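# Examination of the molecular architecture
Here's the letter readout for the chains.
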Amino acid sequence: MANIEKISASAMEVIAYSGMARSCYMEALALAKEGKFSEADKKLEEGGENFVTAHNGHMDVLQEEVNTEEPQISLLMTHAEDQLMAAETLKIVILELIELYRDRKGE
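Residues numbered from 1 in each chain as written. Predicted model: local features only at pLDDT ≥ 70, side-chain atom pairs only at ≥ 80, totals over all residues. Heavy atoms only, no water.

Further remarks concern the packing of helix α1 (residues 3-33) against helix α3 (residues 75-105). For the pair α1 and α3, the least separation of the axes is 8 Å and the interaxial angle reads 15°. Classified by the angle their axes make, α1 and α3 are roughly parallel. At the point where α1 passes α3, the crossing takes the left-handed sense. Its residues assigned to classes, the contact of α1 with α3 shows 21 nonpolar, five polar and four charged. (Axes fitted to C-alpha atoms, helices over the stretch in contact; angles between N-to-C directions. Helix = DSSP H or I, 4+ residues; strand = E, 2+ residues; numbered from the N terminus. Parallel < 35°, antiparallel > 145°, perpendicular 65-115°, else oblique. Left-handed = near helix turned anticlockwise from the far one by under 90°. Nonpolar A, V, L, I, M, F, W, Y, C, P; charged D, E, K, R; others polar.)

Listed below in structure tokens is the structure:
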């Protein structure tokens, strides 16, 4: 597989798993809002697993670039990195919001 094809495939993986992570985080927030903290925790864990998969895919591309010494910048990979960072930011904010809901409900 050509390097650009490999990067494109990895970028799509990062985008997909980042999106799944964000969806899980949003579902966790909705569950916490309803006071379903155990279910929210499970969704956070599922989101974390998806995020790790996305992050690992991103690291693979970075390692490949370092090993080949060929800078590989693509719009698709830039978008993938943006999605990865957005998922991480959303997780941080949602964790704080869930803690506020826990405090309000006395959990």
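Per-residue confidence for the protein chain averages 89 on the pLDDT scale, and 93% of its residues sit at or above 70. Confidence, expressed as mean pLDDT per element, reaches its minimum in the protein chain at helix α2 (residues 37-68) with 90 and its maximum at α3 with 93. (pLDDT = per-residue confidence, 0-100.)

A surface patch of nonpolar side chains, amounting to about 240 Å² of accessible area, comprises Val93, Leu97 and Leu100. Within the secondary structure, Leu100 is located in helix α3. (Patch = residues over 30% accessible without salt bridge, like charges linked within 9 Å, V, L, I, M, F, W, Y side chains within 5 Å. Areas by Shrake-Rupley, 256 points an atom, 1.4 Å probe, with all protein chains shown as cover. Salt bridge = Lys/Arg side-chain N within 4 Å of Asp/Glu carboxyl O.)

Counting through the fold element by element, Ser10 comes out in helix α1. Setting aside residues up to four positions removed in sequence, Ser10 forms contacts with Gly57, Val61 and Met77. (Contact = heavy atoms within 4.5 Å.)

A separate point is the pattern of salt bridges. All chains considered together, the criterion is met by five salt bridges. Notably, a salt bridge pairs Lys43 with Glu46, separated by 3.2 Å at the nearest N-O pair. Of the two residues, Lys43 and Glu46 both sit in helix α2, three residues apart, roughly one turn of that helix. With a relative accessible area of 34%, Glu46 lands in the partly exposed category. When the shortest N-O distance is used, the salt bridge between Glu99 and Arg102 registers 3.3 Å. A residue pair is termed a helical-turn pair when its members lie 3 or 4 positions apart in one helix, as Glu99 and Arg102 do in helix α3 at three residues. Under the relative-accessibility criterion, Arg102 is labelled buried at 15%. (Buried < 20%, exposed > 50% of the residue type's maximum accessible area, 1.4 Å probe, protein only.)

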